[in-house]
Structure formats: C-alpha cells, structure tokens
Amino acid sequence: MSAPLIETRGLSKYFGGVQAVRNIDFSLAEGELRCLIGPNGAGKSTFFKLLTGQIKPTGGAVLFRGTDVANLQAHQIARLGIGIKTQVPSVFNGLTARQNLWVAAARHDRRKNADAAVETQIERFGLSRFADKPVGQLAHGQRQWVELALVLCGKPNLILLDEPAAGMTEEERVRTAEIIREINREHPLIVVEHDMSFIRTIARRITVFDRGSVLMEGDVDEVFGSQAVRDVYLGHQAAA
Amino acid sequence: MIAVLRANRGLVAVGLIGVALLIALPLALDLFDLLQITLYAILAILALSLAFIWGYGGILCFGHSAFFGLGAYTYAVAVINIGESTAPLVLAMLLPAALAAALGYFMFYARISDIYVGVITLTLTLIFYNCINATAGSAYRIGDAYLGGFNGMPNIPSLNIPFLPDETLEPVGMFLLCGGLLLITYFALHALLATRFGRVLIAIRENEQRVEFLGYDARLHKLAAFAIGGALAGLAGCLYVAWGNYVSPPVFSVVQSAQIIIWLMVGGSGTLLGPVLGAIAISWLTLKIGTQQLVNASVILGAVLLVFVLLVPRGVAPMVTDTLVPWLLSLRRPAAGSHEIAQQGKA
C-alpha cells in the first residue's frame, strides 16, 4: 500500500479534564473519500480541528505527506494544500461571490489565470445568477456552495468538509452529494457529517467516533450493519 | 483605453476635479483661504491614512495621532538640525512607519483581539502626549532642537525645494504640494487596493480565519498595511508642521485621534473619497464654530458624530452611492417606462 496522504499517530486532545480525543490512529490514502460520523460529543469536530491546525494537540502527531502539521500556523497548513470548509460557512460576507473566489484563486495564479479559475468554479456550481451579489445576502445553501467553490479555487491536495449539507434543502443536498462525488474524482476528501441519509449517498469508507475514540472503521454496509454503531446512535451503550 | 476610462468613471471624475481645483484655487482665492484649504488637504491625507488601515484593513486604531504627531515632531527636530527639508520629510514618514511596524508585530503576531488593538494604540498616543508634554526646559533637546514641553516648538522652517535650502515654498507652492500629494495618495491607495495585496487586506477585514485557510499570512498583510498607514500619517504630520511652522503636544492628543475617527464616520469609512470629504467638511465646520463664542466646538462635534452614528451609520459616501443614486434612478425609470408606452400607443 502506498504512503498515506494524511495520518495521525496517538493523537489526543484534552480540555482540562475532558478527553475530547483519545489516542487516535487514523490514516487516509491518496484519492480516498472518507466520512467521519459519530453522535454529538464523540470528538469529530475536535478531531477535524486538530487535522486543520485550528487547535493544537495535547499529544501525538498529524502527518500530511510525512510533514508534522501540529505546530504549523493555519496559513502554513493551507499552503501544504489542505482546503477546509467549516461548519458555519466561513466566507467573505461583504464581498461578492466572484470576489470571494478570486481571493482564493489568486493565491496560486496570476491575474488572468485566477480569473479563469474563478469562472470555472462559478460554472461548476451554477453560481452565475448571483456571482455579483454580496455573499452575505445569499441563502444559507448558496453560501455553502460559495464556500465549496472557494476551497476548490485554492487547488487543494486534500479537502476537509465539516457538515457540508447542514441547513440545506432536500434538493440542495442531492446536488451537494453529486458535487462531492464529482470533486472526489480529482481530490481526496474527509467529510464530517452526522446526517446518516446524506452519508449513505456519498460514502465508501466510514470511520465511526464515539467518546473520543474510533469505535470502528469500515465500508458503508459494514458500518450501517454493525450492532455497536446502532447502539451508539440509539444510546443503548449508555443504558447498559 | 476608453473602456478603462469608462469603467473607472468615478476615479476619472475625481482626478479631473482635483486637477482643476489645483489650478483654479490659487487664482481664485485670497491668501487666507488658500492657507486654510492647504490645511484641509493635509488633514485629508491624514484621513486617508486611517481610512486605509481601518476602513479597508479593519484595524481599529484609536490612537492614530501617535503617528501623525511622531511625523510632526520628527520633521521639526530633523529640519532644525539639518537645515534642509528633504531628508526630514523622508524621516517623518520612515519613523512612524517603523513604529507602526514594530507595534504591529507585537499586536498582530500575538493575535490579540481587535478591541485590544484599539486600547493599545490609544495608550500609545497618550504615552507620547504625556512624555512630550514633560519635555519643558533646556535639558530636553535633540541636537539644536529644543522640544519645549507644553509650549511646543516655534519657528520651524517651511519645506524647501529638494536640496535647495534657500528655495522655501511660498503659500501657493505649499498648496500645490499638499493638494498634489493628496491626489497622489488617493490614487495610489486606490491602485494598491486593486492589487492582490489590497484585495487580501479587504478579505482579512471580512474574515481573517478564511484568509488564513486559503494560505495567506494575515498577520504580515496587516503589519504591512499598518506601516503604510503610519507612513502616510507621518507625512501628514510633517506637512502640518511645515504649514504652520509650529508643533506642540496636542498633535498627540486623544482629541486629535478622535477627530480623525469622526471624519471617517461622517464621510464613510469603507471608502476613500468619504474620509477626504469628511475631513474637509468637519475641519471647515470646526473653523466656523471657532469664530463664535456661544457653544463649545467639541460639543458640536460630538453632536455631529452622534447624529451620523444614529442616522447615517455608514457615512455620507456609501449613502450617496448605495441609497441616493439608486433612488434617483428609480425615480427616472417609471417615467421612461410610461414614455415607451406612449410611443407604442402612437405606433
């Protein structure tokens, strides 16, 4: 097997006495699409923030193509090629969608190429109707797409999505699932999500978090068929 | 070429009006008014420096007069010692820029929050004010320049033509210089804001975290912007001293800092033209209020600020472009529509 794109070794994060993430060994291969699921408080979001350098680990390491990212600044991690979409859309609300994308594209490309890269993503996401409106005035689902397009304009080597379908209508979710599958043809992805039906439409491999640790890792059918996973979601374990 | 001009109609208009005023005002005005307008141009440069770092960079600088005052005193001390104004003018920009860069390094690289940036800059200008106020007496001098404490420094030489100490600028020359520098600053900032650096700076104001997620070092961008703002404020300070031939501690005062903020609030802090107009209008108002004895000037300025914050929170310039102009256009449109119908009726 080829070297993993990103892996964690013994990754832990404590908040005071709370062990949010405990000793996690995780690895993602090039080209993979991985979903992280788990009930509220399982440590998914903390793990996500550790991967992206938004918080520093208490112990362990995060290696991206062999480079330890744990002690890098956020912009240095981004320069390695890790693109992030946060849970609440993190965009430039006062700028138009086109200006938003341009800032992302200009990181790599000179003026003309940046303009071209922007237009490509506008077309891909069907943003042209509202490309020149301030993003702050757009609907929540549209802003989610602007953020996805923004991340892609940055030409990432790995894309991390935190609840990409949150707050979307059914129609928008279907389209978003399509887009994610399409993005995966070119980019490896890690998707944090707790909407099971959405995961069913996009996932191949799933990592299940519970109480700060990895409960299991497997293919979609394996995970959805597992009694342990059902117990966690239905809360049987707590009762037992 | 024509397409470029058409796309930047607003800028072209500002440039033409600016150049026309530069030529016409010395012919039309008497000496007193020309001197007064020169001062407005200097203060407008000061307004632009804060408009850049606050309105576009999102850096809450409550003590901007620190850089203005430092530029003013740097010029005063240097020109008295050197006897020629070229190097002092450059120093009056470099020193405030260096101070802004050093302060910016500690503030932005430590990632302190906006409100503390405000508090620290405010404190900085208070420290300057109190220190320079305490420099009365012959012990406090730098070379040949006595700092003079609260009495200030009188008889500071005017600007001269570069490297020709005897060719001092007369009022008309000083007006052309300050007006010209105002225009240059205005257009240079516009050009800077259109570059990648400028656009990323605006993006930082909108969402610093996202900028970092895209791989830009937000700290470095803010630091550079802050230093540019410091240099421009220093330039304004230098011109101010060269204009009045006098400098005293109130250039560092909180009132001075607050005035710049009021110019931005009134004119519209997210624009460049707004702060220029705000600086000119408020300075003119202050002068007019000063000629009467009825009400204290600060009370009126405070009232003006209150009115604007409550009624025109984004300032005059954005209100005109975003609200007034669309409203006027909407008045025209129905009329045009009925005209069309009339035409169709005829046909």
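So, how was this worked out
Residues numbered from 1 in each chain as written. Chains lettered and ligands numbered in written order. Predicted model: local features only at pLDDT ≥ 70, side-chain atom pairs only at ≥ 80, totals over all residues. Helix = DSSP H or I, 4+ residues; strand = E, 2+ residues; numbered from the N terminus. Rg over C-alpha atoms; globule rule 2.2 N^0.38 Å. Contact = placed C-beta atoms within 7 Å. Axes fitted to C-alpha atoms, helices over the stretch in contact; angles between N-to-C directions. Left-handed = near helix turned anticlockwise from the far one by under 90°. Nonpolar A, V, L, I, M, F, W, Y, C, P; charged D, E, K, R; others polar. Domains from an automatic or database assignment. Buried ≥ 20, exposed ≤ 12 C-beta atoms within 10 Å, placed from the backbone. Pairing = 2+ DSSP bridges. Parallel < 35°, antiparallel > 145°, perpendicular 65-115°, else oblique. pLDDT = per-residue confidence, 0-100. Core = buried A, V, L, I, M, F, W, Y, C linked by C-beta atoms within 7 Å. Expected span 1.5 Å × (residues − 1). Bend = angle between axes of the 7 residues up to and from the residue.

## A short note on the overall build of chain B
Alright, step 1. A tally of regular secondary structure across chain B gives 14 helices and 2 strands.
Alright, step 2. The C-alpha atoms of chain B give 22 Å as radius of gyration, which agrees with the globular expectation for 347 residues (20 Å, within 12%).
Alright, step 3. If you take every contact in chain B between residues at least 6 apart in sequence, the share linking residues at least 24 apart comes to 75%.

## Brief notes about the packing of helix H12 (residues 273–290) of chain B against helix H13 (residues 297–311) of chain B
All names here are of chain B.
Alright, step 1. Across the interface, H12 lies against H13 with an axial gap of 9 Å and an inter-helix angle of 145°. As for how H12 packs across H13, the hand of that crossing is right-handed. Of the residues in H13, those in contact with Thr286, Ile289 and Gly290 of H12 are Ala297, Ile300 and Leu301.
Alright, step 2. Its residues assigned to classes, the contact of H12 with H13 comprises 4 nonpolar, 2 polar and no charged.

## Focus on the domain arrangement of chain A
Quoted interface sizes are often the accessible area lost when the parts come together.
Residues and elements named next belong to chain A.
Alright, step 1. Domains assigned within chain A are domain 1 (6–81 + 158–239) and domain 2 (94–155).
Alright, step 2. Centre-to-centre, using C-alpha coordinates, domain 1 lies 25 Å away from domain 2.
Alright, step 3. Contacts between domain 1 and domain 2 engage 8 residues on the former and 6 residues on the latter.
Alright, step 4. Looking at the side of domain 1 that touches domain 2, the element that brings in the most residues is helix H6 (residues 170–183), giving 3 residues.
Alright, step 5. Class assignment for the residues of the side of domain 1 that touches domain 2 results in 5 nonpolar, 2 polar and 1 charged.

## Concerning the environment of His194 of chain A
Residues and elements named next belong to chain A.
Alright, step 1. Along the chain, the position of His194 falls in the loop between strand S8 (189–192) and helix H7 (196–202).
Alright, step 2. The class of His194 is partly exposed, set by 17 C-beta atoms lying within 10 Å.
Alright, step 3. For His194 and Ala165, which are 29 residues apart along the polypeptide, the C-alpha to C-alpha distance reads 9.8 Å.

## A look at the interface of chain B and chain A
Alright, step 1. On the chain A side, the residues contacting the 14 residues of chain B number 17 residues.
Alright, step 2. When residues of the side of chain B that touches chain A are traced back to their parent elements, those giving at least two are helix H8 (196–206) and helix H9 (208–213) of chain B.
Alright, step 3. At 5 residues, H8 of chain B tops the list of elements feeding residues into the side of chain B that touches chain A.
Alright, step 4. Among the residues forming the side of chain B that touches chain A, the class breakdown is 5 nonpolar, 3 polar and 6 charged.

## Concerning the sheet that holds strand S4 (residues 59–64) of chain A
Residue and element names in this part refer to chain A.
Alright, step 1. Strand order across the open sheet formed by 4 strands is S2-S1-S4-S5, with antiparallel pairing between neighbours. This sheet does not close on itself; its edge strands, each paired only once, are strand S2 (18–28) and strand S5 (67–68).
Alright, step 2. For strand S1 (residues 6–15) and S4, the ladder comprises 5 bridges, and the chain directions are antiparallel. Residue pairing for S4: Ile6 is matched across the bridge by Phe64.
Alright, step 3. Helix H1 (residues 44–51) contacts S1, S2 and S4 of the sheet and is inclined by roughly 60° relative to S2.

## Focus on the packing of helix H7 (residues 171–194) of chain B against H8 of chain B
All names here are of chain B.
Alright, step 1. Direction vectors running N to C along H7 and H8 enclose 80°, while the axes themselves pass 4 Å from each other. It follows from the interaxial angle that H7 and H8 lie roughly perpendicular. Residues Leu192, Leu193 and Ala194 of H7 lie in contact with H8, whose contacting residues are Phe197, Gly198 and Ile202.
Alright, step 2. Per-class residue counts for the contact of H7 with H8 are 5 nonpolar, 1 polar and no charged.

## Regarding the confidence of the model for chain B
All names here are of chain B.
Alright, step 1. Summarising the model, chain B shows a mean pLDDT of 90, and 95% of its residues fall at 70 or more.
Alright, step 2. The secondary-structure element of chain B with the lowest mean pLDDT is helix H14 (residues 316–346), recorded at 65, while helix H10 (residues 218–244) shows the highest, at 97.
Alright, step 3. For the stretch residues 335–347, pLDDT sits under 50, and the model shows 0 contacts to residues farther than four places along the chain or on other chains.
Alright, step 4. Reported confidence for the predicted complex is 0.88 by ipTM and 0.88 by pTM.

## Let's talk about the sheet that holds strand S7 (residues 158–162) of chain A
Residues and elements named next belong to chain A.
Alright, step 1. Spatially, S6-S7-S8-S3-S9-S10 is the arrangement adopted by the 6 strands of the open sheet, whose pairing is mixed. Two strands bound the open sheet, and with one partner strand each, they are strand S6 (82–85) and strand S10 (213–219). Between one strand axis and the next, the sheet turns by 15° as a mean value, whatever way the strands run.
Alright, step 2. Pairing of S6 with S7, which is carried by 4 bridges, proceeds in the parallel orientation. Following the sheet pairing, Gly83 is matched in S7 by Ile159.
Alright, step 3. Relative to the sheet, H1 contacts strand S3 (33–37), S7, S8 and strand S9 (205–210), its axis offset from that of S7 by approximately 150°.
Alright, step 4. Here helix H5 (residues 140–153) sits on the sheet in contact with S6 and S7, set at roughly 175° to S6.

## Looking at the pairing of S10 of chain A
Alright, step 1. Sheet analysis places S9 of chain A next to S10 of chain A, joined by 6 bridges and oriented antiparallel. Looking at S10 of chain A, one finds that Arg205 of chain A is bridged to Asp219 of chain A.

## Structural notes on the nonpolar core
Alright, step 1. Ala44, Ala47 and Leu48 of chain B are the most contacted members of the largest nonpolar core, which totals 176 residues.
Alright, step 2. Take this core: its biggest share by element is 17 residues, from H10 of chain B.
Alright, step 3. Of the domains in this structure, domain 1 (6–81 + 158–239) and domain 2 (94–155) of chain A are the two that each give at least three residues to this core.
Alright, step 4. If near-sequence neighbours (up to four positions away) are discounted, Ala47 of chain B is found in contact with Ile260, Trp263, Leu264, Pro275, Val276, Gly278 and Ala279 of chain B.

## Quick word on helix H3 (residues 31–56) of chain B
Residue and element names in this part refer to chain B.
Alright, step 1. A rise of 1.5 Å per residue sets the reference length of H3, with its 26 residues, at 38 Å; its end C-alpha atoms lie 36 Å apart and thus fit the reference within 8%.
Alright, step 2. Where H3 bends most, the angle comes to about 25°, and this point is Leu50.
Alright, step 3. Of all 26 residues making up H3, 19 are buried, and the element is well covered by its neighbours.
Alright, step 4. In the stretch just after H3, Gly58 is the one whose phi turns positive, near 70°.

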